[in-house]
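Structure assessment
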Amino acid sequence: MELLLLTTSIALAFAQDPCSRGYHNLISEPHRSSQFQPEVTDHLLCDNGLTAGWYVFDNNDEMPTSCVAQYHCGTHFPLWMQGSHPSQADGIVHRKACSNIYGSSSHTCCDFSLDIQVKNCGSFYVYYLQPVPACAMAYCAGNKKVCDVGGLPAAGGSCPDLYPKLTTLPSLQNPEVTPTKEVRFPCRIDYPIGQSDVGFIVTWTVDGKVLVDTNTKLPVKTVLTGDSRIAYLNAMKLQGNLGKELKCNVTSFHPSKGQGIISDSLGSNGYWCGIRMNPDKINVDEGGPEQTVKVESTIPIPCTSLFPDDCKLTVKLKGLRNPADASLSGCHLDLKLDNVTGLYSTFFKVKATRDFIKDHNHVHEVGFQPIYDFTHPMWKNYTATPISIGTADKDHGHCLPWGDPHFTGFDYKRNYNVYGIGDMVLYKSLNQKRPFEVQMRTWPCGSLHPCICAVIAREGNDIVEVDMCEKRAGVIEAPTVSYLSGHPLEGTTVSKDKSGKIFYINFPSGARLEVKTAISPGRRGKEKLPYMNVDIQAPPDDFGGSEGMCGNWNGVVGDDLKGGDGKVYTPNRVADFTKSWTLPTGTSMFHQLPKYEAHLAPKFEYCSCKQNVDCTKVGNGAINPSKDKGSLISGKGTHHRRSVRSYSDHFPDRDLAVDPRMVARRLKRNADATFPTASGITESQANSSCRHTIMTSSLYKQCQHTDILNNIIEGCIEDIKYADSADAFRLAVMNAFDSTCYNELAKDPTNIQYVNGDPVVNPSISGCPNQCSLNGNCVSGTCHCHHGYTSIDCSVKEGVSPQIHRIRGDGLCDIRARPCRQANVIVDNIMDSASLSCRVTPVDLSEGPPVESGPATEYHGEFLSFLEMQCPIPESNVMKGLSAKGFKVSVTSDGQHYSQESLFIVADGYCKKCTAAGVCTQNPNSCFIDGVCYRHGDQNDKFQVCDPSVSTTNWTSSKTVQEVDHYTATFSGCRCPYNINVYDCACCQNGGCQCGEIQPNQCTDCNNKALCGTNPGLFPPPA
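Residues numbered from 1 in each chain as written. Predicted model: local features only at pLDDT ≥ 70, side-chain atom pairs only at ≥ 80, totals over all residues. Heavy atoms only, no water.

The next thing to look at is the environment of isoleucine 282. Mapped onto the secondary structure, isoleucine 282 falls in strand β19 (residues 281-285). A C-alpha to C-alpha distance of 9.6 Å links isoleucine 282 and valine 363, two positions 81 residues apart in sequence. Apart from the residues lying within four places of it in its own chain, the contact partners of isoleucine 282 are Gln291, Val293, Val350, Ser388, Ile389 and Gly390. (Helix = DSSP H or I, 4+ residues; strand = E, 2+ residues; numbered from the N terminus. Contact = heavy atoms within 4.5 Å.)

Below you can see the structure in the form of structure tokens.
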């Protein structure tokens, strides 16, 4: 098509003689002379706008036929004609217009050429010329001397001065604030002062377009005459033009000749006006550090307010196209005034969100909303320029200890078995800026192998424990969640699923623990043995920097079994590997908590900035799509072990010591285990049973062709060999397979859906909770229970009353130690429902055996786990004169079938000692004065004490008491000096000082702390 058009054009050109008038155009530009060299401030000629056709140069000038150097003919790249001019007889001839592109290194002076034609018209030549492809390039013509200004020389050879000649470009300087709080831009012209008849016209452009006054609709212009060399632009003129580059443009003239004859316009340097991001392009990766972006207004904005907080400019982020990929320290940015520069600035931090999805690398644009509510009108409706954020994807680590227990590590995915008993390091980050550690506790697990009964995890100052270890032999234990930090969690969230069997611990870094709790029927099917599967997901930050029983996560399989002693063990030495990570007795976090360190508190709460949403918090820059699968567990009612003397209703159960002789017998028995088992199960039968078990798991179809199957089968066969039972860990095997499968599926972005901008794992790959307890069918992630079963996981028998095993603390509550306003009931066959309730009946304990003393009251119960619920207890008045009070507690899930009643006793531990059966006796080491019970050593405000050896009904005067201890019966004491979060230490007066941890209940002479603890009879320790 282009060739056809060119042929047609040439044919039309030849239809008439180009020498004839009307068939060629005139180019009148004297500065095309090969003798004219432009100066720095001159406007360079460029023929890119030339229309292809026949042309005659002014004064019949001819194109030069020899090489012309750069920066001649009024342009950068001059075009000269290669070849001689034709005679009239030659007619139209073809030539090339050449240009020297490479300067002195050019060998031909024709590095670039265009096809042209030329014809001799007798007294002049006509040229068929084409437009040039780029600037500044132009055709040469003539070789006369030409003046810089005005063209040809005047008579006598002198050049006329048509307008003042500028030798340098004008300078646009930084904006300034005048004493009247006006912001203006100075444009300085470098021209000598003291010159007569000099004038300058200053105009302004934004992004190359003329700046127009919004009122007059005319270009903004300033005329300077005399010695004036600075023109000012009021910044208000930029309204609607922020986010662009401002320049001033200057033309000169002689006022005596008027503004009809002016110089070419010279442009200044540019100044970008608006809110600038530095850098405006950043790259972050999921395993790397955060990046800082500075946000600054380039224009000062005067602030006349007397209140510094009023001097701010708020910029709101519009939101990312995919907000889950990057986390920002804020979605609203307050630019604060710098009184020195007058500029407004702030900064924000950006992290690549640890999203636990293999979603590859992406480039995102962070946009901003228009500014509507800032008081300065210049900024109205201004939208800041977006910035580009590149995010690099990194994989996360996965470790799964399950069953009794078996491991699949971060890198070593083959099954390895851990049969030690004690506290062990599961996973520890070596990142000193983010202390992170997970420890587990194994116990003998009844007649079975050792299994996990507790896990404790720490990130920064947050410490969370899930514990279901036996507290007394043969007594069933329910899982409990404890926040052990002694302060509110700093970004960590803990939740449980609807079944109350799975607990999710989500740390700010994205590290995540999924703790699946269960009860095994044991070797003979008659035991109730608690155990856990612990699913650990590690953020990419820890790649190449972790250790523990989960392995040395660095992508190398061969060193995953690196022990705590630095040795690398082989798979046949797992027992030694386990021993190297077993902590000495009393040194684990189960016994000793790390101290609170203020510098570890998170400095930024990262946000996922979404459309029309201020800030969706993502902790420390991590969004785990598997995270929000349960209801949050608040800190209320959870145990805070730092405050061991705190007055709360946390249950008083304690850990059970492990008998080393039993451990030795258990390990010997396990070492002797072999196929066939005592009951006759062969290895082949175990293999077949395990395969059948896994084939019935809810995610089998999705992962049946992966290595996961064989790894889980290995652990399953081991379980059957040692337990001599195919049922003891059947659910553990199925849940372990589903956990590993789910983790792999959740990495695939095709299995992720976005809800309100957040990544969420598609429910179709989540499987069913607890395999529907083998009492139902799994359909699209939902359990359809068999007849006679109900609940989210089909674990509750319909029409069967719950069975209370016990109330924590044996149902005994000392009002001196706890408020006794709730009872934690360990119970079977319950579920989380709207009908979950407690029936509480008061009983009288004053006349021997418990006797009902009032009507029953129904209270809504709180579901804590599949084995525990919490029942409210009415106020007992025990502290108001009664020394003991009882309540019968019965519970229900459906409002129809109630459990048997269990007794809960509230007693004043100073005066009464009660049994679980409700029989209470007087404590001989106490006083009962004026209807209130006091323990030996309690004081009143008259320097008297309770001394039962003198009287059990009256106060006894004592010269020993010099300070008054207001350690009251309701524990409303004073703040403790050793822990400012605790208020149960002695209240001292008369200038006395607290003894502190030595004796929390005692005051002493401030100059004689040696007296603390010297009189335990007078100041007994708290119960």
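The next point concerns the sheet that holds strand β56 (residues 868-872). As summarised here, the arrangement of the four strands in space is β49-β51-β56-β55, forming an open sheet in which the pairing is antiparallel. With partners counted over all chains shown, the strands left at the sheet margins are β49 (803-807) and β55 (862-865), one partner each. Adjacent strand axes in the sheet meet at a mean angle of 35°, parallel and antiparallel pairs treated alike. Where strand β51 (residues 822-828) meets β56, five bridges bridge the pair, whose relative direction is antiparallel. The residue of β56 that forms the bridge with isoleucine 826 is glutamate 868. (Pairing = 2+ DSSP bridges. Axes fitted to C-alpha atoms, helices over the stretch in contact; angles between N-to-C directions.)

Our next topic: the pattern of salt bridges. Going through the model one piece at a time under the given rule, you end up with 27 salt bridges. Lysine 528 is the salt-bridge partner of aspartate 828, the closest N and O atoms lying 3.6 Å from each other. With aspartate 828 in strand β51 and lysine 528 in the loop between β37 (512-520) and β38 (529-538), this residue pair connects regions lying 300 residues apart in the sequence. Since its relative accessible area comes to 42%, lysine 528 is described here as partly exposed. (Salt bridge = Lys/Arg side-chain N within 4 Å of Asp/Glu carboxyl O. Buried < 20%, exposed > 50% of the residue type's maximum accessible area, 1.4 Å probe, protein only.)

Turning our attention to unusual backbone geometry. Here cysteine 135 and alanine 136 are connected by a cis peptide whose omega angle stands at -5°. Mapped onto the elements of the fold, alanine 136 is located in the loop between β6 (125-129) and β7 (137-139). Here the bond from phenylalanine 675 into proline 676 is cis, since omega is -10°, no more than 30 degrees from zero. Tracing the backbone through its elements, the reader meets proline 676 in the loop between α3 (660-671) and α4 (683-695).

Relative to strand β20 (residues 291-297), strand β18 (residues 275-278) is paired through four bridges, and the arrangement is antiparallel. Residue pairing across strands places isoleucine 275 opposite serine 297, the latter belonging to β20. Sheet topology places β20 next to strand β24 (residues 344-352); six bridges connect them, and they run antiparallel. Among the inter-strand pairings, lysine 294 is bridged to a residue of β24, identified as phenylalanine 347.

The next point concerns the packing of aromatic side chains. Taken as a whole and assessed by the stated rule, the structure comprises 17 aromatic pairs. With a centroid separation of 5.4 Å and an interplanar angle of 85°, the aromatic rings of phenylalanine 543 and tryptophan 553 are classed as edge-to-face. You can see phenylalanine 543 sitting in the loop between β38 and β39 (546-547) and its partner tryptophan 553 sitting in the loop between β39 and α2 (574-580), a full ten residues away along the chain. Here tryptophan 553 falls in the buried class, since its relative accessible area comes to 4%. Ring pairs connect the aromatic residues Phe410, Tyr427, Phe436, Phe507, Phe543 and Trp553, which therefore count as one cluster. (Phe/Tyr/Trp six-rings, centres within 6.5 Å; stacked < 30°, edge-to-face > 60°.)

In terms of nonpolar packing, the biggest core is built from 59 residues, with Phe185, Trp204, Leu238, Ile275 and Trp379 touching the most fellow members. Once residues lying within four places of it in the same chain are set aside, the contact partners of leucine 238 are Phe185, Val206, Leu211, Leu233, Leu246, Cys273 and Ile299. Ranked by size, the runner-up nonpolar core spans 45 residues in total, among them Cys451, Cys469, Leu529 and Ile708. (Core = buried A, V, L, I, M, F, W, Y, C linked by side-chain atoms within 4.5 Å.)

The subject of this paragraph is the state of the cysteines. Under the defined criterion, the tally for this structure stands at 17 disulfides. The partner cysteine of cysteine 46 in its disulfide is cysteine 135, sulfur to sulfur 2.0 Å. For the disulfide bridge between cysteine 46 and cysteine 135, the dihedral angle about the S-S bond is near -90°, and by the sign convention the bridge is left-handed. Residue cysteine 46 is located in the loop between β1 (25-27) and β2 (53-57), and its partner cysteine 135 is located in the loop between β6 and β7; the two are separated by 89 residues in the primary sequence. (Disulfide = S-S within 2.5 Å.)

Let's shift gears to the packing of α4 against helix α6 (residues 708-723). Where α4 meets α6, the closest approach of the two axes is 9 Å, and the angle between their N-to-C directions is 125°. Our classification of the angle between α4 and α6 gives oblique. In this structure, the crossing between α4 and α6 has a hand that is right-handed. When α4 is examined against α6, the residues Glu683, Ala686, Asn687, Ser689, Cys690, Arg691 and Ile694 are found in contact with a partner set consisting of Leu709, Asn710, Ile712, Ile713, Cys716, Ile717 and Ile720. The residue inventory of the contact of α4 with α6, partitioned by class, reads nine nonpolar, three polar and two charged. (Parallel < 35°, antiparallel > 145°, perpendicular 65-115°, else oblique. Left-handed = near helix turned anticlockwise from the far one by under 90°. Nonpolar A, V, L, I, M, F, W, Y, C, P; charged D, E, K, R; others polar.)

For α6, spanning 16 residues, the distance from its first C-alpha to its last is 23 Å, which sits close to the expected 22 Å at 1.5 Å a residue. Across the 16 residues that make up α6, a large majority, 14, are buried. The positive-phi residue at the C-terminal boundary of α6 is aspartate 724, with phi of around 55°. (Expected span 1.5 Å × (residues − 1).)

Okay, the sheet that holds strand β31 (residues 436-443) next. If you walk across this open sheet you meet the six strands as β34-β33-β32-β31-β30-β39, and the pairing is antiparallel. Edge positions in the sheet fall to β34 (480-483) and β39, since each has one partner strand and no second. Pairing of strand β30 (residues 422-429) with β39, which is carried by two bridges, proceeds in the antiparallel orientation. Paired with serine 429 across the strands is serine 546, a residue of β39.

These values are about where atoms sit, not about what they do.
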